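Here are the chains, one letter per residue:
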Amino acid sequence: MFDFLKKAFKKFTEQLSGEKEEKEEKVEKKPEIAEEFKKEKVETEEKKKKEEKKEGLLEKAAKLITETKLSEEQFNKFFSVLEIELIQNNVAFPIIRELRENLERDLLGKSLPKAKLEEKIREILKQTVFDILSKPKQVDLVDLAKKKKESGSALVLLILGVNGHGKTLTIAKLANLFIKSNLRPVLAAADTFRAAAIEQLAEHANRLNVRLIAHKYGADPAAVAFDAIKAKEKDVVLIDTAGRQTLDANLMAELAKVKKVAKPDLTILVGEAIAGSDLVAQAKLFNEKIGIDGIILTKVDVDDKGGALLSVVQATGKPILFLGNGQGYSDLIPFDAEEITNKIFGNSS
Ligand SMILES: Nc1nc2c(ncn2[C@@H]2O[C@H](COP(=O)(O)OP(=O)(O)O)[C@@H](O)[C@H]2O)c(=O)[nH]1
Ligand SMILES: [Mg+2]
C-alpha cells in the first residue's frame, strides 16, 4: 500500500543528495538525460562505496571531512517535486509543511559530510513520519476487554463511518479477534436504515457463532444498542450503525443519541483508505459532532497511495487501531507506527 509514497520519498532523497554532488563536480548535462545519468551515478556510487571499504581508515576519514552546504535553490527545486507527489498520494498539507520545516531546519546552510547527506535526508523524513503516526496514544482493545471483564463489565464499542467503508465487515473481524482471546462478543444491529444491513450482520453472527441483537428496519438504533448492552453473558458489545453518504444533521443526531444511550468505552471510526482527502474531512466531522477515540483504516489492500493514513492521524489526533487489509475475518492488522514507518523507509536509519 505504501509503494507510491515509498517511491516519492526515495526519489526525493536520491535527487537531493545527487544534485548536491553534481554541482560540486561541475558536471553539465541536459535535463532529459538527467535520469539516466543519475542511474549511472548511483551505480558508480555503489562501486565507490565498496572500494571505500577496502581503503584505510585515514583515507575514509579524509573523505568524510569533505563537507558541503545545501543551497536554498537546490532544496526548493526538489521539494516542489516531492510536494506534488505527496499531494497526489493523499498526504495533507500540514504534513507536507512539517516535512519541509524539518528538512529545512536540519539541512539548509548546515555543513554536512557529503557521504552522509542521503542518509540524513532519509532520517529526517522517517523521523517526521514516525512522530506523526506515534503521537496519539495507542489502545489495545483485547487488553481493555480483558481488564473490563476482570472488573465484571463488558467493553462497549460504538462503530461509526460512511456507508460502504467497511463497518459491518470490520465488526465481524473484531468479533473474530475477541473470540480468539476467549472473549464473548455480542453484535448490535443498530443500522436499521439501510436495506439488508441487518441480514448482513446476522450472516456474520451466524458464521462466527456469536449473538446478534436486532430489531425491525426503521426501529430506533438507540433501542437496539440499549438491548445489546443489557444482554447477558457477554464481554464485548459491538454496535454497528448506519452511515449514509451524506453526513447530514439527521444522521449525526441519530448517532449522538446511540452514543448517549450506549455510553461506549470507545467510539471508533471505520474509514476506507481509498477515500483519501474525503476521509480526512469525514473523520474531522465525525470527531467534531460525535467524538471519536480511534480509527480503523480499511481497504489498505486496494489503496496504492498510503497518504490517507498520515493525513487522518494528523487531522484528528486519534490513533489508528487497526488496518483492514482484505475481506477475510483475519484481515485485520494491529497498527504499529514503527512497523509502518519501516515499511515506507526501510529498516535502517
Ligand atoms: N478489499 C477490502 N474490502 C473491504 C475491506 N473492508 C471492507 N471491505 C468491503 O467493503 C464493502 C463494504 O463493507 P461493509 O462492511 O458492508 O461497509 P459498511 O457499509 O460500512 O458497513 C464490502 O464489500 C466489504 O467486503 C478491506 O479491508 N479490504
Ligand atoms: Mg454496514
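Because the structure is a prediction, the values reported are computed rather than measured.

Observations concerning the nonpolar core
Next up, step 1: Core analysis: the largest hydrophobic core is formed by 90 residues, its most contacted members being Leu157, Leu187, Ala188, Ala189, Val237, Leu238 and Ile239.
Next up, step 2: Considering every element that reaches this core, the biggest residue donor is helix H8 (residues 167–180), with seven residues.
Next up, step 3: Setting aside residues up to four positions removed in sequence, Ala188 forms contacts with Ile213, Val224, Ala225, Ala228, Val237, Leu238, Ile239 and Asp240.

Side note on the packing of helix H10 (residues 221–230) against helix H11 (residues 249–262)
Next up, step 1: Where H10 meets H11, the axes come as close as 8 Å, and the angle between the chain directions of the two elements is 25°. By the angle between their directions, the pair H10 and H11 is classed as roughly parallel. Where H10 crosses over H11, the handedness of that crossing is right-handed. Contacts between H10 and H11 involve Pro221, Ala222, Ala225, Phe226 and Ile229 from the first element and Glu254, Lys257, Val258, Val261 and Ala262 from the second.
Next up, step 2: The residue inventory of the contact of H10 with H11, partitioned by class, reads eight nonpolar, no polar and two charged.

Comments concerning the site of ligand 1
Next up, step 1: The environment of ligand 1 is made up of 18 residues, and the closest members are Gly166, Lys167, Thr168, Leu169 and Gly324.
Next up, step 2: Its residues assigned to classes, the shell around ligand 1 comprises two nonpolar, twelve polar and four charged.

Side note on the environment of Ala145
Next up, step 1: One can find Ala145 in helix H7 (residues 141–150).
Next up, step 2: Taking the C-alpha atoms as reference points, Ala145 and Arg184, separated by 39 residues in sequence, lie 9.8 Å from one another.
Next up, step 3: Residues contacting Ala145, with those up to four places away along its chain left out, are Leu155, Phe178, Leu183, Asp235 and Val236.

Some thoughts on the environment of Glu72
Next up, step 1: Mapped onto the elements, Glu72 comes out in helix H4 (residues 72–88).
Next up, step 2: We classify Glu72 as exposed; it has 11 C-beta atoms within 10 Å.
Next up, step 3: C-alpha separation for the pair Glu72 and Gly109, spaced 37 residues apart in sequence, amounts to 8.0 Å.

What about the packing of helix H5 (residues 93–107) against helix H6 (residues 117–134)?
Next up, step 1: Orientation of H5 relative to H6, taken along the N-to-C sense of each, is 140°, at an axis distance of 10 Å. Compared by their axis directions, H5 and H6 come out oblique. Helix-helix and strand crossings are classified by hand; for H5 and H6 the assignment is right-handed. The segment H5 lies against H6, with Ile95, Glu98, Leu99, Asn102, Leu103 and Asp106 engaging Ile121, Ile124, Leu125, Thr128 and Ile132.

What about the sheet that holds strand E10 (residues 332–334)?
The strands that make up a sheet are held in pairs by hydrogen bonds between backbone atoms, and each pair lies either parallel or antiparallel.
Next up, step 1: Across the sheet, which stays open at both edges, the eight strands sit in the order E5-E4-E6-E3-E7-E8-E9-E10 with mixed pairing between neighbours. Looking at which strands have only one partner, the edges of the open sheet turn out to be strand E5 (211–213) and E10. Going from strand to strand, the sheet's axes swing by 25° on average, the running direction of each strand aside.
Next up, step 2: Where strand E4 (residues 185–190) and strand E6 (residues 236–241) come together, six bridges link them in parallel fashion. Its bridge partner being in E6, Val186 is matched across the sheet by Val237.
Next up, step 3: Together, strand E3 (155–160), strand E7 (266–272) and strand E8 (294–298) form the strand contacts of helix H12 (residues 277–289), whose direction differs from that of E7 by roughly 165°.
Next up, step 4: Packing of helix H13 (residues 307–316) onto the sheet brings it into contact with E7, E8 and strand E9 (320–324), and relative to E8 it is tilted by some 165°.

Things to note about the pairing of E9
Next up, step 1: Counting buried positions over the five residues of E9 gives five, a clear majority of the element.
Next up, step 2: Where E8 meets E9, three bridges bridge the pair, whose relative direction is parallel. Among the inter-strand pairings, Ile295 is bridged to a residue of E9, identified as Ile320.
Next up, step 3: Examined bridge by bridge, E9 and E10 share three bridges and lie antiparallel to one another. Within the sheet, the bridge partner assigned to Gly324 lies in E10 and is Leu332.

How each quantity is defined
- Residues numbered from 1 in each chain as written.
- Chains lettered and ligands numbered in written order.
- Predicted model: local features only at pLDDT ≥ 70, side-chain atom pairs only at ≥ 80, totals over all residues.
- Core = buried A, V, L, I, M, F, W, Y, C linked by C-beta atoms within 7 Å.
- Buried ≥ 20, exposed ≤ 12 C-beta atoms within 10 Å, placed from the backbone.
- Helix = DSSP H or I, 4+ residues; strand = E, 2+ residues; numbered from the N terminus.
- Contact = placed C-beta atoms within 7 Å.
- Axes fitted to C-alpha atoms, helices over the stretch in contact; angles between N-to-C directions.
- Parallel < 35°, antiparallel > 145°, perpendicular 65-115°, else oblique.
- Left-handed = near helix turned anticlockwise from the far one by under 90°.
- Nonpolar A, V, L, I, M, F, W, Y, C, P; charged D, E, K, R; others polar.
- Near = placed C-beta within 6 Å.
- Pairing = 2+ DSSP bridges.

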